[in-house]
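Next come the chains, spelled out residue by residue.
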Amino acid sequence: QVQLVESGGGLVQAGGSLRLSCAASGRTFSTYFMGWFRQAPGKEREFVADIKRNGALTYYTNYADSVKGRFTISRDNAKNTVYLQMNSLKPEDTAVYFCAARVSAVSEYDYWGQGTQVTVSS
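We now turn to the structure provided with this report. Here the structure is a predicted model, which means the values were calculated and not measured. (Residues numbered from 1 in each chain as written. Predicted model: local features only at pLDDT ≥ 70, side-chain atom pairs only at ≥ 80, totals over all residues. Heavy atoms only, no water.)

1. Overview of the overall build of the protein chain
In terms of helices and strands, the protein chain carries 0 helices and 11 strands. Mapped from its N terminus to its C terminus, the protein chain presents α and β elements in the order β-β-β-β-β-β-β-β-β-β-β. Radius of gyration (C-alpha) of the protein chain: 14 Å, near the 14 Å computed for a compact globule of 122 residues. Its C-alpha atoms put the protein chain at 45 × 25 × 25 Å along the principal axes. Counting over 122 residues, the protein chain shows a buried share of 43%. Considering only contacts within the protein chain whose residues lie at least 6 apart along the sequence, 55% involve residues at least 24 apart. (Helix = DSSP H or I, 4+ residues; strand = E, 2+ residues; numbered from the N terminus. Rg over C-alpha atoms; globule rule 2.2 N^0.38 Å. Buried < 20%, exposed > 50% of the residue type's maximum accessible area, 1.4 Å probe, protein only. Contact = heavy atoms within 4.5 Å.)

Structure below.
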């Protein structure tokens, strides 16, 4: 099974930026559909962003309304890595961030990383 390892979390002041990375094992990374989720203290896990492709191998992205315009998801297949660039961070962005993988755009996310903590202070 694919292994996912997140990194890049930390403590940042409101308005600052962080870039999260998720490194995947194996040589089939380009075949997976990747997403980012987060879980805030006392809250359920929520969707943040994902990156998908159609039959023509064109990648497209989707974002939760709460992060749209501030976060950017991208991937580098040569490095087996997906990124989440987070700008204009707010205290409500504080959460453990997880990357996840699925085999198609309509499948469940069955592969998860261990999570990386993001804390945004005011």
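2. Quick word on the pairing of strand 11 (residues 116-121)
Of the two faces of strand 11, only one is covered, namely that formed by T116, V118 and V120; the face formed by Q117, T119 and S121 stays uncovered. In the sheet, strand 2 (residues 10-13) pairs with strand 11 via 4 bridges, with the strands oriented parallel. Directly across from Q13, in strand 11, lies its bridge partner S121. Relative to strand 11, strand 9 (residues 95-102) runs antiparallel, the two being bridged by 3 bridges. In the strand pairing of strand 11, V96 is matched with Q117. (Pairing = 2+ DSSP bridges.)

3. Structural notes on unusual backbone geometry
Of note in the backbone geometry, N80 takes a positive phi value of approximately 50° without being a glycine. Checked against the element boundaries, N80 lands in the loop between strand 7 (71-76) and strand 8 (81-86). Taking the relative accessible area as the measure of exposure, N80 reaches 17% and is therefore buried. Residue S88 is not a glycine yet carries a positive backbone phi of 50°. Inspection of the secondary structure assignment puts S88 in the loop between strand 8 and strand 9.

None of the figures reported here should be taken as evidence of function without further support.
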